[in-house]
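Take a look at the letters that make up each chain.
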Amino acid sequence: MFRSLRIFNYRTWFVGALISNVGAWMQGTALSWTVLTVLTMNDATAVGINMALQFGPQLLLVPITGLIADKYDRRKVLLWTQSGLGVLALALGIIVVTGVVELWMVQVFALAFGTVQAFDTPARQAFVSEMVGKGDIANAVALNSASFHGARLIGPAVAGLLIAFLAPGPVFLINAATFLAMIVALLRMRVSELQPSPRGAKGFRDIAQGFRYVRRRDDLVVVFVMAFILGTFGLNFPIYISTMTSVEYLSDADVFGILSSAMAIGSVTGALLAARAERPRWTLVIGGLGAFSVACAAAAWSPHIVVFGAALALAGFTAQLFMTNANATVQLTSAPEMRGRVMALYGAVFMGGTPIGAPIVGWVADEFGPRWGIMVASVTCLLAFVIGAIWWARARRADRMSRTGTLTLGSPTESVDIVR
């Protein structure tokens with residue numbers, strides 16, 4: 001389960017990322033609560049717009065960000081992006097602590113965070129293979145998810161308590177400090193032990209290659225479609241949890257933080273389960289999304305806040321089964337020289353749909369109640385499950401499934417067996 005941690009560079013990365021992820025979850029919790037209860041009067045649409053501004057750049061800048069990840073040293077790219085995110089977090093913390101913050105300022109910072117993260121995400125995801133090599137990519141991706149959601153066990157709960165007893169401002173300053181852990185980890189790496197991928201991009205003419213590469217791969221297209229639907233409508237949990245907490249259950253920031261951490265319990269469990277497998281599984285890519293739809297429906301109609309917390313844990317578990325296996329599938333079956341551009345496209349369709357879905361979900365929550373906001377996630381992800389199931393059934397009928405129960409993806413020269 002933890003085999004990638006035997007590698008010094010990945011172990012160093014893992015520790016730095018875990019600390020930084022705690023700060024990121026603290027800031028995300030504080031930001032959603034500040035917009036919902038301090039800067040507005042329970043306006044879920046405003047939270048949705050804030051999310052849209054943060055994730056929109058991943059969609060708009062995807063041609064450039066993928067090119068950067070494939071053309072330049074990814075470790076150096078990450079040093080720049082992590083430093084930029086730390087400076088932005090510090091500036092946001094200062095304006096919140098001094099009390100001059102207004103809604104438009106938060107929106108400007110959300111856009112700035114999203115712009116830097118658009119360059120950070122493909123470089124960070126493609127950098128995993130340079131640290132661990134092809135044989136441990138699936139395990140490292142799963143452990144990255146475990147780190148990210150393990151931090152969610154701590155970050156939201158701590159942020160909720162700090163907000164309840166102090167104020168949101170200190171939360172942003174703490175997040176700024178946690179970026180130092182990631183920067184130190186990148187600087188401490190043994191560069192000689194990295195396994196850099198071939199540089200497959202030289203100029204802007206190579207941008208279109210990433211689009212053509214994905215378009216020729218039916219298996220990648222179906223994963224991208226499912227990821228787009230999940231990212232657009234399914235993962236707007238800052239809206240779901242904050243509105244259910246304040247409107248349906250009439251609770252405060254500390255409860256909001258605890259509920260966010262409850263979801264992380266399921267997410268960590270799902271990531272660690274995926275880490276045990278040597279290869280990603282198609283049954284978990286498709287089936288995980290169907291189970292997530294059911295979990296969202298259970299969360300939407302939970303009669304009690306405790307039941308709601310349990311449903312969130314189940315939603316986190318099932319969503320993680322999809323996300324970890326889908327991410328590993330995309331990385332393992334992509335040509336190394338194309339991986340940065342492919343991961344940029346994957347990040348764009350996965351998180352870039354948030355500018356579309358978050359305002360819609362926020363509007364539904366405002367007009368029809370938070371429960372119906374969550375049902376948007378349930379219904380749309382059920383549709384995504386159907387799309388994936390139909391493609392998988394057709395692939396099996398076309399005799400693409402081998403006798404050993406593996407589905408061979410990619411071109412003959414770069415195929416990887418993905419466990420059924």
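Residues numbered from 1 in each chain as written. Predicted model: local features only at pLDDT ≥ 70, side-chain atom pairs only at ≥ 80, totals over all residues. Heavy atoms only, no water.

An unreviewed UniProt entry annotates the chain as MFS transporter of Agrococcus terreus. Among the UniProt annotations of the chain, the heading Subcellular location (unreviewed entry) holds the following wording: "Cell membrane". (UniProt positions renumbered as here; feature names shortened; annotations may be inferred.)

A. Here's a closer look at the overall build of the chain. Each helix and strand in the chain was counted, giving 16 helices and 2 strands. The buried share of the chain, reckoned over its 420 residues, is 60%. Across the chain, contacts joining residues at least 24 apart in sequence account for 85% of those joining residues at least 6 apart. (Helix = DSSP H or I, 4+ residues; strand = E, 2+ residues; numbered from the N terminus. Buried < 20%, exposed > 50% of the residue type's maximum accessible area, 1.4 Å probe, protein only. Contact = heavy atoms within 4.5 Å.)

B. Broad picture of the packing of aromatic side chains. Scanning all chains against the criterion turns up 9 aromatic pairs. Relative to W372, the ring of W301 lies with its centre 5.2 Å away and its plane at 80°, an arrangement referred to as edge-to-face. With W301 in the loop between α12 (282–300) and α13 (305–332) and W372 in helix α16 (residues 370–397), this residue pair connects regions lying 71 residues apart in the sequence. The side chain of R190 reaches across the aromatic face of F8, ending 3.8 Å from its centre. (Phe/Tyr/Trp six-rings, centres within 6.5 Å; stacked < 30°, edge-to-face > 60°. Lys NZ or Arg CZ within 6 Å of the ring centre and 35° of its normal.)

C. Representation of the side chain of T34. Mapped onto the elements, T34 comes out in helix α1 (residues 8–38). Here A30 takes part through its backbone oxygen, which lies 2.6 Å from a polar atom of the side chain of T34. Contacts of T34, omitting those with residues within four sequence positions, involve L39, P168 and F172. (Polar contact = N/O pair within 3.5 Å; in protein donor to acceptor, adjacent residues only side chain to side chain.)

D. A look at the nonpolar core. Judged by nonpolar contacts, the single largest core of 91 residues is most densely connected at L230, F237, W282, F292, F322 and Y346. Excluding its chain neighbours within four sequence positions, the residues that come into contact with Y346 are V223, F224, A227, M323, A326, N327 and V330. Formed by 27 residues, the second largest nonpolar core is a distinct cluster that contains F14, M131, V132 and L143. (Core = buried A, V, L, I, M, F, W, Y, C linked by side-chain atoms within 4.5 Å.)

E. View of helix α15 (residues 354–368). For α15, spanning 15 residues, the distance from its first C-alpha to its last is 20 Å, which sits close to the expected 21 Å at 1.5 Å a residue. Among the residues of α15, those classed as buried are T354, G357, A358, V361, G362, V364 and A365. The buried residues of α15 occupy an angular sector of 160° when projected down its axis, which confines them to one face. Among the residues trailing α15, G369 stands out with phi positive, at a value near 105°. (Expected span 1.5 Å × (residues − 1). Arc of directions from axis to C-beta.)

F. Structural view of the environment of A44. Its location among the elements puts A44 in helix α2 (residues 44–60). Taking the C-alpha atoms as reference, A44 lies 8.9 Å from V364; in sequence the two are 320 residues apart. If we skip the residues at most four places from it in the chain, A44 touches L36, I239, T243, G362, A365 and D366.

G. Seen up close, α13. With 28 residues, α13 extends 40 Å from end C-alpha to end C-alpha; this agrees with the ideal 40 Å at 1.5 Å per step. Of all 28 residues making up α13, 22 are buried, and the element is well covered by its neighbours.

H. Focus on the packing of helix α9 (residues 218–234) against α16. Where α9 meets α16, the axes come as close as 8 Å, and the angle between the chain directions of the two elements is 175°. By the criterion of interaxial angle, the relationship of α9 to α16 is roughly antiparallel. Of the residues in α16, those touching α9 at D218, D219, V222, V225, M226, I229, L230, F233 and G234 are V376, A377, T380, C381, A384, I387, G388 and W391. (Axes fitted to C-alpha atoms, helices over the stretch in contact; angles between N-to-C directions. Parallel < 35°, antiparallel > 145°, perpendicular 65-115°, else oblique.)

I. Structural context of the pattern of salt bridges. One pass over the structure, following the stated rule, counts 5 salt bridges. A salt bridge links E193 to R190; its shortest N-O distance comes to 3.4 Å. For E193, a relative accessible area of 38% gives the class partly exposed. (Salt bridge = Lys/Arg side-chain N within 4 Å of Asp/Glu carboxyl O.)

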